[in-house]
Amino acid sequence: MGTPLAEFCVDIQRVVHSEWDGGFELADPIAMAVALDPAVATRTERRFVAVETGGEWCRGQTVVVHPELSIVGEYEPNVEVV
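All values reported here derive from a predicted model rather than from experimental measurement. (Residues numbered from 1 in each chain as written. Predicted model: local features only at pLDDT ≥ 70, side-chain atom pairs only at ≥ 80, totals over all residues. Heavy atoms only, no water.)

### Some points on the overall build of the protein chain
Inference 1: Counting its regular elements, the protein chain contains three helices and three strands.
Inference 2: From first element to last, N terminus to C terminus, the protein chain shows the α and β order α-α-α-β-β-β.
Inference 3: Going through the 82 residues of the protein chain one by one, you find that 10% of them count as buried.
Inference 4: For the protein chain, contacts bridging at least 24 residues in sequence account for 40% of all contacts bridging at least 6.
Inference 5: Accessible area for the protein chain stands at about 7000 Å²; split by element, carbon and sulfur atoms hold 58% of it. (Helix = DSSP H or I, 4+ residues; strand = E, 2+ residues; numbered from the N terminus. Buried < 20%, exposed > 50% of the residue type's maximum accessible area, 1.4 Å probe, protein only. Contact = heavy atoms within 4.5 Å. Areas by Shrake-Rupley, 256 points an atom, 1.4 Å probe, with all protein chains shown as cover.)

Printed below as a string of structure tokens:
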């Protein structure tokens, strides 16, 4: 907070910042931090994740199968979700 880097992060998210009532998430820096140091992640879970590319209902949406769903046995976890 209050550093040039923090100010830069807020500045590049200015539209999101104003539309989301002052809060926003910097997903790419968080992903990079975890890639550089996995200990940064406080909780991870193995899940099946796919990206919808067919475009019938959506296009580019990330789909995550949650363990409480009955279809979970049909999909082997393929990624570590933070």
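Additional details are given in the paragraphs that follow.
### A few points about the pattern of salt bridges
Inference 1: According to the stated counting rule, one finds two salt bridges in the structure shown.
Inference 2: We note a salt bridge from E45 to R43, for which the minimum N-O separation is 2.4 Å.
Inference 3: What makes R43 exposed here is its relative accessible area of 58%.
Inference 4: For R47, the salt bridge is made with E45, and the minimal N-O distance between the two is 2.2 Å.
Inference 5: Classification of E45 by relative accessible area gives partly exposed; the value is 23%.
Inference 6: When salt bridges with common partners are traced through the structure, they connect R43, E45 and R47 into a single cluster. (Salt bridge = Lys/Arg side-chain N within 4 Å of Asp/Glu carboxyl O.)

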